[in-house]
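# Descriptive analysis of the structure
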Amino acid sequence: MEIKCIAIDDEPLALKKVASFSDRINGLTLVKTFDNALDAISFLKEEQVSLIFLDIQMEQFTGIQFLEAIKYRLQIIITTAYEQYALKGFEFNVTDYLLKPYSFDRFVQAVDRVMDNLMAGLNGKQEEENDFFFVKTEYRLEKIFFADILFIQGMSDYLQIVTRTRKIMTLQNFKFMERKLKPPRFARVHKSFLVSVNNIESIERNRIKIFDRMIPISITYRDTFFKLIDDKLPPKCHPH
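Quick caveat, the model's predicted, so the values are computed rather than measured.

With that out of the way, let us pick up the overall build of the protein chain. A count of helical and extended segments in the protein chain gives seven helices and 15 strands. Every one of the 240 residues in the protein chain was classed for burial, and the buried ones make up 45%. Restricting to contacts in the protein chain with at least 6 residues of sequence separation, those with at least 24 account for 49%. When the accessible area of the protein chain is evaluated, it comes to approximately 13,600 Å², of which 49% is carbon and sulfur surface.

What follows concerns helix α7 (residues 219-230). Compared with an ideal rise of 1.5 Å per residue, which puts 12 residues at 16 Å, α7 spans 17 Å between its outermost C-alpha atoms and is within 8% of the ideal. The inward-facing, buried residues of α7 contact β11 (186-190), β13 (202-204) and β14 (207-210).

On inspection of all chains with the given rule, the structure shows 12 aromatic pairs. Taking the centre distance of 5.1 Å and the plane angle of 10° together, the rings of Phe53 and Phe107 count as stacked. One end of the pair, Phe53, is in strand β3 (residues 51-54); the other, Phe107, is in helix α5 (residues 104-124), and 54 residues separate them in sequence. There is no split in this pair, since Phe53 and Phe107 are both buried. Chaining the aromatic ring pairs together yields one cluster made of Phe21, Phe53, Tyr102, Phe104 and Phe107.

What counts as what
Residues numbered from 1 in each chain as written. Predicted model: local features only at pLDDT ≥ 70, side-chain atom pairs only at ≥ 80, totals over all residues. Heavy atoms only, no water. Helix = DSSP H or I, 4+ residues; strand = E, 2+ residues; numbered from the N terminus. Buried < 20%, exposed > 50% of the residue type's maximum accessible area, 1.4 Å probe, protein only. Contact = heavy atoms within 4.5 Å. Areas by Shrake-Rupley, 256 points an atom, 1.4 Å probe, with all protein chains shown as cover. Expected span 1.5 Å × (residues − 1). Phe/Tyr/Trp six-rings, centres within 6.5 Å; stacked < 30°, edge-to-face > 60°.

Rendered as structure tokens:
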């Protein structure tokens, strides 16, 4: 997923810094920069973006006046040298507040929050009607179709989403995944595994075969899993 953004600042070096940092983040596209907020308002009447990097202390039209003037909800990251505007900025529900001079790591942290917000919005819209969801990986949002998932494996601080064609690493946790991948289509079978029930090839005792992997069924999840499987079987046919 591409996140389109603009930057508004009356300092050329500040705009150059936003442009440089944006270029280093996959999926973040800085489409235009502005040295005044009025031109940005005119631009936004014709073009759509998801994120605005906004300076506060500008001549002619301040960042606060800009926030008061726009009529639509966008992700806003304030970039300013003046700490006293922080409270006022958050009254407008801005996503983050970067105090100049900020580092690239702090810039990434702010963009990461934007990605979380956008992903939550995407996943929250008509979730039951969708056949896909978005997951954050590195600095991108990856679209994943439910039907493509074989299983998800916990790997230290990461989760690995395994499909027939690719493996996707994400810092999202199992709690997030279980909200998206619900029974009866998906089942948690182990502290380290969540599986696609439709893609199970066989079940033998306490092991599941999916594609070329044997996945264990732990005692914690055993009863719930086999109850789910039993509901899909003809009478008197039980795998355990």
